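Letter by letter, the chains look like this.
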Amino acid sequence: MIKPANITFARLPEIAPEKIIAHMSDPRMAEHMPLLTFTWDRARLDAFVAAKEACWQRDGLGHWAFLADGAYVGWGGFQKEGAEWDFGLVLRPQNFGLGMRIAKQALDFARADARIPYVTFLLPPTRRKFGALARLGARAMDDVDYAGERFLKYRLDTN
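Residues numbered from 1 in each chain as written. Predicted model: local features only at pLDDT ≥ 70, side-chain atom pairs only at ≥ 80, totals over all residues. Heavy atoms only, no water.

Peer 1: What should I look at first to understand the nonpolar core in this one?
Peer 2: Within soluble globular proteins, side chains that are nonpolar generally end up buried alongside one another. Counting residues in hydrophobic clusters, the biggest one holds 27 residues, and the most contacted among them are F78, V119 and F121. Those elements giving two or more residues to this core turn out to be β2 (63–68), β3 (71–81), β4 (84–91), α3 (99–111), β5 (118–123), α4 (131–136) and β8 (149–157). No other element matches the five residues that α3 contributes to this core. Leave out the neighbours within four places in its chain, and F121 touches D86, F87, L107, L133, A138, L152, K153, Y154 and L156. Core analysis: the second largest hydrophobic core is formed by 15 residues, A10, I15, F48 and A65 among them. (Core = buried A, V, L, I, M, F, W, Y, C linked by side-chain atoms within 4.5 Å. Buried < 20%, exposed > 50% of the residue type's maximum accessible area, 1.4 Å probe, protein only. Helix = DSSP H or I, 4+ residues; strand = E, 2+ residues; numbered from the N terminus. Contact = heavy atoms within 4.5 Å.)

Following this line, the structure appears as C-alpha cells:
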C-alpha cells in the first residue's frame, strides 16, 4: 500500500452511501464487531448517519468519515457514553494500516478540547493485539457490558 499524503476528516453525510454500505457489508467487519448482527442497506445507513449526526447536535462532537488523499477509508470518532467520551475507529480492511495515523490525529483533537480529560476505547474480546493502544498510552480498565456484549475497556488520559 502506498502511504497517503493527507488524512482528513469529513462528516458522514458527505460520503456516498454505497461506499459506507459496501464497507460495513464486508464480512470481515463482523469478525470484531459483535453488535453487527444485521444487514446494511440504505435504510440502516440512513438511521446510522442520523444517529451519529444527532451526537454532533447534542454534544458538539461525533463521528467522522476518514479520508486518505480524498478517498473514503472508514469512519469513527468520539461519542459521549454517559460522562465519558468513547473513541471508535472502523476502517475498511484494506486500510487497517492507517489506524494509528488516524487515531493519533483524532486524539490530538481530543487533547485540544477541554471537555475531554480522557477517552475510552471499547474493544471486543476477539481482538488479540493491543500494542497500538499501549503505544498510545492507554491502560486496561474493567471489562464492561455494552448492549448485551462484553467489551474490553481501555482509558487514555488526554491532558
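Peer 1: How should I be thinking about unusual backbone geometry in this particular structure?
Peer 2: Most of the time, phi is negative for any residue but glycine, and the peptide bond is trans. One non-glycine residue, D69, lies in the positive phi region at around 50 degrees. The residue D69 is located in the loop between β2 and β3 in this model.

Peer 1: Would you mind going over the pairing of β4 with me for this structure?
Peer 2: On a regular strand, one side chain projects to one face of the sheet and the next to the other, so that they alternate. Bridge analysis of β3 against β4 gives eight bridges, and the strand direction is antiparallel. In the strand pairing of β4, G74 is matched with L91. Between β3 and β4, which pair antiparallel in sequence order, lie two residues; one of them, G82, sits at a positive phi of approximately 65 degrees. As judged from the two bridges shared by β4 and β5, these two strands associate in the parallel manner. Opposite W85, over in β5, you have V119 as the bridge partner. In the classification by handedness, the crossover that spans β4, the intervening α3 and the parallel β5 is right-handed. (Pairing = 2+ DSSP bridges. Right-handed = clockwise from strand over helix to strand, strands pointing away.)

Peer 1: How do you make sense of helix α1 (residues 17–25) when you look at a structure like this?
Peer 2: The periodicity of an α-helix, 3.6 residues per turn, causes residues three or four positions apart to be oriented the same way. Three or more residues of α1 are buried, namely I20, I21, H23 and M24. Looking down the long axis of α1, one finds its buried residues gathered within 160 degrees of arc, a one-sided arrangement. Next to the buried residues of α1 lie α2 (42–59), β3 and β4. (Arc of directions from axis to C-beta.)

Peer 1: I keep staring at the packing of aromatic side chains and nothing clicks. Help me out?
Peer 2: In this description, a pair of aromatic rings is defined by centroid distance and the angle of the planes. According to the stated counting rule, one finds 10 aromatic pairs in the structure shown. A ring pair is formed by W40 and F48, whose centres lie 5.2 Å apart and whose planes are at 75 degrees; its orientation type is edge-to-face. In this pair, the class of W40 matches that of F48, namely buried. Centroid distance F78 to F87: 5.1 Å. Interplanar angle 45 degrees. Geometry classified as tilted. Taking relative accessible area as the criterion, F78 reaches 0% and is therefore assigned buried. An aromatic cluster of three or more residues is present, and its members are F9, W56, W64, F66, F78, F87, F109 and F121. Looking at R155, its charged tip hangs above the ring of Y118, at a distance of 3.6 Å from the centre. (Phe/Tyr/Trp six-rings, centres within 6.5 Å; stacked < 30°, edge-to-face > 60°. Lys NZ or Arg CZ within 6 Å of the ring centre and 35° of its normal.)

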